[in-house]
Amino acid sequence: MKVLDFMWTHRVEVLQLTLEHLQIVFISILIAAGIGLPLGILMTRRRSISRPVLAFANLVQTIPSLALFGFLIPLPLIGGVGVRTAIVALVLYSLLPIIRNTFTGISGVDPAIKEAGRGMGMTDSQLLWKVEIPLASSVIFAGIRVATVIGVGVATIAAAVGGGGLGMFIFRGVSMVDSRVILAGAIPAAALALIADFGLGAVEKRFSKLLFVLCLAVFAASCSHPNRIVVGSKNFSEQVILGELLAQQIERSTNLEVQRKLNLGGTLVCHQALAAGQIDTYVEYTGTGLTAILKEPASKDSAAVYDKVRAAYKSRYGLEWTEPLGFNNTFAIIIRKSDAQQFNLKTISDAAPQTARWTAGFGYEFIEREDGYPGLAKTYALRFPMPPRVMDLALTYKAVADRQVDLIAGNSTDGLIDALGLIVLQDDKRYFPPYDAAPIVRDSVVMSHPEVRTALKELGGKISEEQMRKMNYAVDGEHRDVKEVVKEFLNGK
Amino acid sequence: MATTLEFRDAAYAINGRSLVENVSFKVESGEAIVLLGRSGSGKTTTLKLINRLLEPTSGEVLVEDKTTRDWDPIRLRRRIGYVIQEIGLFPHFTVAGNVGVVPALESWPAERISARVNEMLTLVGLDPGRFASRFPRELSGGQRQRVGVARALAADPSILLLDEPFGALDPVTRSEIQREFRKLQSGLKKTMVFVTHDIREAFILGDRIGLMQDGRLVALVPASEFGKLDHPEAKAFVESYA
């Protein structure tokens, strides 16, 4: 019942995503039918092409949907991030059942009936339209039904490439480890698939016109709008919160309509979407921009890194880094608050002498990386009596809280830090590279809508690490709604 | 009487295999020819050469003094009524729709089509009031075959081709419909080519009987003379009749 409560409180969003979902599927099926029906008919006239065409359609069907989206992202025109890619993928998946059923449906018409038609002087097109298509129509329609049901399912993956739809809930739910959110996407999607199957069957003859009009209405209602800013985000909670934050800030201080394309994917997906103009702004971290996008070595100086990415993004991509939000999402050395108070520890240097009595627990990656534990131990002269315990990153928080270990390395904005009574030691020797968060916005948007730039500027320096941790915990730990959490934060300003 | 149909040394081969060879004959206007032969003797192929469902690979077939290659196949087929054993009624059309299909293709006005449909159904012994709006699946085998004949006659073709049209019927229905068809034919005086493997049927319906064997027309004689033929295949058929 928690799921139903969640869906009820988010009914506007559920409805909107359901409509988006329907729109993607509807357009895709329309295009796939536009390609598949003539192709299937052509195959009955030119038998030699039927084998290669069916082989291709079969092959496409075997590609896992996530992989297919991956292939499509770098392609020009049909690829990229957004609805278009989703539609291309859906069209490809829908082709097989439509082509196959058209072909077998028409081929399966009783040869005696075809011969009678031909013998009576029907032209090929009269035979096709008056005899073959009417007699094959139920088989052809079944193909469209199957394609639609497949389409409803595959469209949930579309959220991974910014296609929107009910997959948004599913992906958000997976990253929040919140089954309510997953189900809020999965249940309507399953319902849509069932309705599509039963519904299309029932309306096959009688209500097909009504259905068509309904679909057109759905399509028209969700058409795009020119004066609108598209906000994106990567696919983890902090990013979704920050995306929502940008969206609400722009909504509050401008008259522009804001479209959210949150939970898009990783760094590269967001960057490409921004560069291609599919989104107008998202929050990036300076260290990530430097190493992952500009492919330059990490650097320790926070201000220098910011200046460097700002200049390079401007000249290379026509993108503007606006004022940093104020927090740094970097590696963090974390201990229990009680230990910090007892020994009066504020920095990693303060804590270094204590390490002789402590045990450390780290994730696999941190142990291995040169800029992880080995460098850290050297820089601060840490002397653990035993080698650090290696465990899954998510478990280290639990372990330090339960006193199984005494010091861990986590993320500085992780919501669990405050929730579990832990504290971050200051990196006083600036060992970890800076990952200062700042919105990036497209130059053309700054030009055409300077009020967006002003709105983003107001956010500069407004979010401390502690505040970010609180919001992360509200969403991850307390399973609260992102929109409310962000609204509260902005109201508190 | 004028010659309506003529085969001049016509042959048909596919993939190097000869199905019909050296077939030559003439059919006068209004005459009923029955092509008699075993399965695979080339009867159906011969029939399909007439309405250009097949084209002769050598020789020629003339319909109304024009070779079939010079005919527009669509125009040609609409002037020739065609009935096949499987009947091939369109299951998604009513009886009226099936009978009126060629007039509709020829864009007759609706009233003329429905008048013609009623006329044709009455002609083949089906009450239009009862049958016109039924679908083929609601008919018995004999009724379907009557509809098939009515459909072939609907556009008033001068030539009628029938490919074992009564083969799938039970013996009682078959002989009933054969007699009726004979009566119909003598009233309509269509030029007719009728294919069968049943010598009884050949005797009932044919003015002349053509005997086919291995793709050749081995004899073409008036029905009354068929029993006197010396050909072994003719004897085999006559024996099966006795």
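Details of the structure are given in the entry above.
No experiment lies behind these values; they were computed from the predicted model shown.

A word on the overall build of chain B
Here comes step 1: Within chain B one finds 10 helices and 10 strands.
Here comes step 2: Looking at chain B as a whole, 44% of its 242 residues qualify as buried.
Here comes step 3: Within chain B, residue pairs in contact and separated by at least 24 positions form 66% of the contacts whose partners lie at least 6 positions apart.

Some remarks on the pairing of strand β1 (residues 228–234) of chain A
Residue and element names in this part refer to chain A.
Here comes step 1: The buried fraction of β1 is high, at 6 of 7 residues.
Here comes step 2: Bridging between β1 and strand β2 (residues 257–265) involves 6 bridges; their strand directions are parallel. Of the residues in β2, the one forming a bridge with glycine 232 is lysine 261.
Here comes step 3: Crossover connection from β1 via helix α11 (residues 237–253) to parallel β2: handedness right-handed.

Some thoughts on the interface of chain B and chain A
Here comes step 1: In this complex, chain B contributes 15 residues to the contact, which on the side of chain A involves 14 residues.
Here comes step 2: For the side of chain B that touches chain A, the secondary-structure elements that each account for two or more residues are α2 (73–78), β6 (80–84) and α4 (101–105) of chain B.
Here comes step 3: Of the residues that constitute the side of chain B that touches chain A, the class distribution is 9 nonpolar, 3 polar and 3 charged.

Some remarks on the environment of phenylalanine 56 of chain A
Here comes step 1: Position of phenylalanine 56 of chain A relative to the elements: it lies in helix α3 (residues 50–62).
Here comes step 2: As for phenylalanine 56 of chain A and leucine 96 of chain A, which are separated by 40 residues in sequence, their C-alpha atoms are 8.6 Å apart.

Points about unusual backbone geometry
When glycine is set aside, most residues are seen to have a negative phi, and most peptide bonds are trans.
Here comes step 1: In this model, arginine 430 of chain A sits at a positive phi of 50 degrees, which is unusual for a non-glycine residue.
Here comes step 2: With respect to the element layout, arginine 430 of chain A can be found in the loop between β9 (422–425) and β10 (437–442).
Here comes step 3: Of note in the backbone geometry, lysine 189 of chain B takes a positive phi value of approximately 55 degrees without being a glycine.
Here comes step 4: With respect to the element layout, lysine 189 of chain B can be found in the loop between α8 (171–188) and β8 (191–196).

A short note on the packing of helix α2 (residues 11–45) of chain A against helix α7 (residues 124–154) of chain A
Residues and elements named next belong to chain A.
Here comes step 1: Where α2 meets α7, the axes come as close as 11 Å, and the angle between the chain directions of the two elements is 140 degrees. Looking at the two axes, α2 sits oblique to α7. For the crossing formed where α2 meets α7, the hand is right-handed. Counted together, Val25, Ser28, Ile29, Ala32, Ala33 and Ile41 of α2 and Leu128, Ile144, Ala147, Thr148, Gly151 and Val152 of α7 form the full contact between these two elements.

Conventions used here
- All residue numbers refer to position in the chain's written sequence, counted from 1.
- Each chain takes a letter, starting from A, and each ligand takes a number, starting from 1, following the order in which they are written.
- Local features in this predicted model are restricted to residues whose pLDDT is 70 or higher, and side-chain atom pairs enter the listing and the counts only when it is 80 or higher, whereas totals over whole chains, interfaces and linings include all residues.
- Each helix corresponds to a stretch of at least 4 residues labelled H or I by DSSP, and each strand to a stretch of at least 2 residues labelled E; elements are numbered beginning at the N terminus.
- Counting other C-beta atoms within 10 Å of a residue's C-beta gives its exposure: the residue is buried at 20 or more, exposed at 12 or fewer, and partly exposed in between, where C-beta atoms are placed from the backbone.
- Residues are scored as being in contact if the C-beta atoms we place from backbone atoms lie within 7 Å.
- A pair of strands is considered paired only if DSSP assigns at least 2 bridges between the two.
- Consider the strands pointing away from the viewer: the crossover is right-handed when the path from the first strand over the helix to the second runs clockwise.
- As a working rule, the residues Ala, Val, Leu, Ile, Met, Phe, Trp, Tyr, Cys and Pro are called nonpolar, Asp, Glu, Lys and Arg charged, and the rest polar, with Gly in that last group.
- Axis lines are fitted through C-alpha atoms, for helices just across the contact stretch, and the angle between N-to-C directions can take any value from 0 to 180 degrees.
- Each angle receives one of four descriptions, namely roughly parallel if under 35 degrees, roughly antiparallel if over 145, roughly perpendicular if within 65 to 115, and oblique otherwise.
- Each crossing is labelled by how the near helix is turned from the far one, with a counterclockwise turn of less than a right angle marking it left-handed and a clockwise turn marking it right-handed.

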